[in-house]
Amino acid sequence: MATKSKTEEVPTPAPVKKKAAAKRATRQRGIDPAATSAAIERTAAIVASVAATALTMKDTHRATVPDASDARRSAQPRAADAIEPRPTPSLASSVIEALIVARHGDPFAVLGPHLPGADAGGVTVVRALLPNAISVEVMARDASNASPRSLGTLIRIHDAGLFEGPVGALPGDDDSAPPPYRLRVVWPTADGGTVTQEIDDPYAFGPLLGPLDLHLIAEGRHHQLGQSLGAHVARVQGVAGTRFAVWAPNAQRVSVVGAFNGWDGRRHAMRRRVEAGVWELFIPQLSKGERYQYEIVGADGALLPLKADPVALATDLPPATASVVPDDTSLAWTDDTWMKDRAARHAPDAPLSIYEVHVGSWLRNMNEDAEHGGRSFDWNGLSERLIPYAKAMCFTHLEFLPVMEHPFGGSWGYQPLGLFAPTARFGSPADFARFVDRCHQAGIGVILDWVPAHFPNDAHGLARFDGSALYEHADPREGFHQDWNTLIYNFGRNEVRGFLIASALEWLERYHVDGLRVDAVASMLYRDYSRKAGEWVPNIHGGRENLEAVAFIKELNTVVGERCPGAMMIAEESTAWPGVTAPVSSGGLGFAYKWNMGWMHDTLRYVEYDPIHRGWHHDDMTFGMVYAYSERFVLPISHDEVVHGKGSLLNKMPGDEWQKRANLRAYLSFMWTHPGKKLLFMGCELGEWKEWNHDGSLAWDLLDDPGHRGVQTLVRDLNRLYAEAPALHEKDSDPSGFAWIVGDDRANSVFAFRRVGRDASRAVVVVVNMTPVVRRDYRIGVPHAGTWRERLNSDATVYGGSGIGNQGEVRASDDGAHGLPASVTLTLPPLAVLVLESASADRASSNDNNNISNRG
């Protein structure tokens, strides 16, 4: 890929006032200048005055009607000693005026080469708009790198920098086509001198996107949108540069702007592809790493704030808002084995234990920016720290709060604007890809939270992108989310559905991500979500269901299923909508799993009660089994439960410090043995006292306390047991895998149940005591007589417990109980869970090291 040499850079224009220079610097950082300088209304009566001035400042063109009184359009002297002759232009004055004020909707019809017969005299004419240039010469472009030959000098036909002139043909050239050429441009420098630059003319290149691309974009079925729209380093007709394409069907004009053209929207106005509403342009010599934005004149003729690229693959570091030309070099992936086998890892009968992580606050480097809580580690640093930690803790997957680019860090990524780009906060896109690859090498999957429900209304983003309600609904009753002050995607528009589906595929295909957890699905499904009567628009049948969103979700999950074998789509859905995880072919939404929000709310409510009152709320712990098999569930203890005044998971528990930790250990043990896949937010395994702070770091120093270290050790052992015992995961979604043994002992707040996998001989019995009272000689039924080993006791001393238990095993007699043929008499530790497994089971992991109730 070509890189731009120092001599090819556009020089700084003649000196400007300090205030204007500061504005230019702001624009170059990608910060919207409209935030500091309001657009000034202009009148046609003073258009003529513009012709007498050199329109050199970068903001010259940013107005609705030209006005010489605009301070941003102050005149700049040209570094020419004499006034050059003015030929009679071949263009109408109205066309010239439209060009110089960046209001021409079809610059390719005027600029660049025009074939014989297109102009008087039948001579090929080249036109170029190069504000502030002193002179322009057309040079033959020779692939052999021979000394270039001059094809003619262009004459300035307007002081704004519009040049025009005939060009000669090269020997042997076909007269039906203009010869390949470059422009040799002389620019003024700040010190009064000049510098010469050779550039290829962007308007000498033909259309970029093919008919199939445009057709698929218009239909919303272009599943590799990130390869067609956005910015991509490319070679066109043998010339290195970057091609740009953006969907803005209602715009009157779209330009690519950046430091490479002084943020001047006159320089690189794009070609409109009417059939798809797409604008495109190839800019020669532009290479990876360049910052850029789109300058758009909207449908009503108003100049919009600079816009970031909706399909940018890389972005500038917030709070800057520019997009970045990406390095399209493909990563050499080393995860072929993982990708082939991952479907089995994600199957309903597989153990799935997810560690939910906010990248910026998992661990911070206190050696950097300690005053502000330290600097968060980037993807390379996390590869060395987070991956080994997750593996040592026996988690099967990492799930990240959204890593798509977002303007406000306090949204935790849930208000993204760059749905195709990893945030620049933690490194480059290549760094993120390498992180995923290293996770797969370590046997750990990667899930991303993904937000297709809504987007923020930041001026540089998708809101009224082309001056119209393009991505959102025009009617705020459909398009404005009152809870989050965000805008709702118009799922009924083909291009919007295609944009979102292509975003999902970008992460699953380009970055080998193993699953997407789709945020706020409930808000998508219902038109009256969080709205009062009269604040929403019914569907075509008069109902509250959002039929367009439902169709989008079904299409999304169908496409992902076809293109990404083994990838998981997980719904955060909090209502009783039927068939969330049922196949689309059966009328369902087609998700692989659904977060069980009801189970989470019920059980957390239960453990917050003082144990003396828990008997009155016994059903909170048992009700989840009434609907446990209506969907394929993930049991989530997520970030939402430890923020906004809810306190930490540990601080939800009643009692003194010891009882709080015992309650936490018992609750986590109940969760890990209950049907359903597991998700735990970072820090819960440490027993943090404070609720999560996204600007801080986890309290890793708590591990100096044996009590907190014991909670962490328990979570590790629960993950290990969950994976090793087939009974705890093989029938997570099968009713035959669970049965209550004791489900009605309200007086003692005791629960007992049996878990069974495909091999019934390897059944597991779980007993839960949710009071601080030791219960001795507690008899329960078991499937058969013989020795039953304590596979786990959450009250073991190694976990910070009291060490009360059954000495590692118990003997079951043939005396039946609770409808089972045998029974055991147990000592139930206080606020604890026992997990028993038959010693007669043929187990690879049956050594005593797995019996941890008598450790320490």
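The numbering scheme is per chain: residues are counted from 1 as the chain's sequence reads. Two thresholds apply to this predicted model, a pLDDT of at least 70 for residue-level local features and 80 or more for giving and counting side-chain atom pairs, whereas whole-chain, interface and lining totals are computed over all residues. For side-chain calculations, the full set of non-hydrogen atoms in the structure is used, while hydrogens and water are omitted.

### Looking at unusual backbone geometry
Okay, so step 1: Note that the residue after P318, namely P319, is joined by a cis bond; omega there is 15 degrees.
Okay, so step 2: Mapped onto the elements, P319 comes out in the loop between β13 (291–297) and β14 (323–324).
Okay, so step 3: Phi is positive for W263, close to 55 degrees, though the residue is something other than glycine.
Okay, so step 4: Only runs of H or I of at least four residues qualify as helices and only runs of E of at least two qualify as strands under DSSP, and these elements are numbered from the N terminus. Along the polypeptide, W263 turns up in the loop between β10 (253–257) and β11 (271–273).
Okay, so step 5: Although it is not a glycine, H644 sits at a positive phi angle of roughly 55 degrees.

### Describing the nonpolar core
Side chains of a nonpolar character, in soluble globular proteins, are inclined to be buried together.
Okay, so step 1: Put simply, buried Ala, Val, Leu, Ile, Met, Phe, Trp, Tyr and Cys residues joined by side-chain atoms within 4.5 Å make one nonpolar core. Exposure classes here rest on a 1.4 Å probe applied to the protein chains alone. A residue is buried below 20% of its type maximum, exposed above 50%, and partly exposed in between. The biggest cluster of nonpolar side chains holds 189 residues, and the ones touching the most others in it are Y355, F400 and W450.
Okay, so step 2: Among the elements that make up this core, the one with the highest residue count is helix α10 (residues 494–510) (nine residues).
Okay, so step 3: Every residue pair with non-hydrogen atoms within 4.5 Å of one another is taken to be in contact. Dropping the residues within four chain positions of it, W450 is found in contact with M404, L419, L500, S503, A504, W507, L516, R517, V518, D519, F552 and L556.
Okay, so step 4: Core analysis: the second largest hydrophobic core is formed by 19 residues, I741, V750, I780 and L826 among them.

### What about the pattern of salt bridges?
Okay, so step 1: For salt bridges, the criterion is a side-chain nitrogen of Lys or Arg within 4 Å of an Asp or Glu carboxyl oxygen. One pass over the structure, following the stated rule, counts 42 salt bridges.
Okay, so step 2: We note a salt bridge from D449 to R517, for which the minimum N-O separation is 3.4 Å. Note that D449 is positioned in strand β21 (residues 445–450) and R517 in strand β25 (residues 515–518), a separation of 68 residues in sequence. For the pair formed by D449 and R517, the shared burial category is buried.
Okay, so step 3: Measuring nitrogen to oxygen at the nearest pair gives 2.2 Å for the salt bridge that ties E506 to R510.

### A closer look at the sheet that holds strand β18 (residues 397–400)
Okay, so step 1: Any two strands are treated as partners once DSSP identifies two or more bridges connecting them. Read around the barrel, eight strands follow the order β15-β18-β21-β25-β26-β27-β28-β29 and close on themselves; strand pairing throughout is parallel. With strand direction ignored, the average angle separating the axes of adjacent strands in the sheet is 25 degrees.
Okay, so step 2: Sheet topology places β18 next to β21; four bridges connect them, and they run parallel. Residue pairing in the sheet places H397 in a bridge with G445 of β21.
Okay, so step 3: A fitted line through C-alpha atoms serves as each axis, taken over the contacting stretch for helices, and the angle formed by two N-to-C directions is quoted from 0 to 180°. Sheet strands touched by helix α15 (residues 657–673): β15 (353–357), β28 (633–637) and β29 (677–681). Its angle to β29, the strand with the most contacts, is close to 145 degrees.

### Considering the packing of aromatic side chains
Okay, so step 1: Between rings of Phe, Tyr and Trp, where Trp is taken as its six-membered ring, a pair exists when centres lie within 6.5 Å; planes separated by under 30 degrees are stacked, by over 60 edge-to-face, and by other angles tilted. In the structure shown here, the tally under the stated rule is 35 aromatic pairs.
Okay, so step 2: Ring geometry for F420 versus F499: centroids 5.5 Å apart, planes at 50 degrees, classification tilted. Here F420 is found in strand β20 (residues 418–422), whereas its partner F499 is found in helix α10, with 79 residues between them in sequence.
Okay, so step 3: Among the residues examined, F420 registers a relative accessible area of 0% and is labelled buried.
Okay, so step 4: In this structure F499 comes out as buried when scored by relative accessible area, which is 2%.
Okay, so step 5: Taking 6.0 Å as the distance between ring centres and 80 degrees as the angle between the ring planes, the aromatic pair formed by F432 and W507 counts as edge-to-face.

### What about the pairing of β20?
Okay, so step 1: With five of its five residues buried, β20 lies for the most part within the structure.
Okay, so step 2: As paired strands, strand β19 (residues 404–405) and β20 are joined by two bridges and run antiparallel to one another. Note that in β20 the partner of E405 across the bridge is G418.

### Some points on the packing of α15 against helix α16 (residues 706–724)
Okay, so step 1: The interhelical angle for the contact between α15 and α16, taken along N-to-C directions, is 10 degrees, at an axis separation of 10 Å. As the angle between them shows, α15 and α16 are arranged roughly parallel. Here R661, L664, R665, L668, S669 and W672 of α15 come into contact with α16, specifically with G707, H708, V711, L714, V715, L718, N719 and Y722.
Okay, so step 2: Within the contact of α15 with α16, the residues separate by chemical class into eight nonpolar, four polar and two charged. When describing relative orientation, an angle under 35 degrees is termed roughly parallel and one over 145 degrees roughly antiparallel, while 65 to 115 degrees is termed roughly perpendicular and anything else oblique. Basically, the charged four are Asp, Glu, Lys and Arg, the nonpolar ten are Ala, Val, Leu, Ile, Met, Phe, Trp, Tyr, Cys and Pro, and anything else, Gly included, counts as polar.

### What to know about the confidence of the model for the protein
Okay, so step 1: Values of pLDDT, ranging from 0 to 100, describe the predictor's confidence in every residue of the model. For the protein, the average pLDDT comes to 86, and 84% of its residues sit at 70 or higher.
Okay, so step 2: The low-confidence segment residues 1–83, where pLDDT is below 50, has 175 contacts with residues more than four positions distant or belonging to other chains.
Okay, so step 3: Considering only residues more than four positions removed or in separate chains, one finds that residues 842–850, a stretch of pLDDT under 50, has 14 contacts.

### Brief notes about the environment of H639
Okay, so step 1: Relative to the helices and strands, H639 is located in the loop between β28 and α15.
Okay, so step 2: Spatially, the C-alpha atoms of H639 and H358 are 8.7 Å apart, while their sequence positions differ by 281 residues.
Okay, so step 3: Setting aside its immediate chain neighbours within four residues, H639 contacts E356, L401, W412, Y414, D449, R517, F681 and W692.
Okay, so step 4: We define a polar contact as two N or O atoms separated by no more than 3.5 Å, with the added condition that, inside protein, one atom must be a possible hydrogen donor and the other a possible acceptor, whereas residues neighbouring each other in sequence contribute only through side-chain atom pairs. A distance of 3.4 Å separates the side chain of H639 from the side chain of Y414, its partner in a polar contact.

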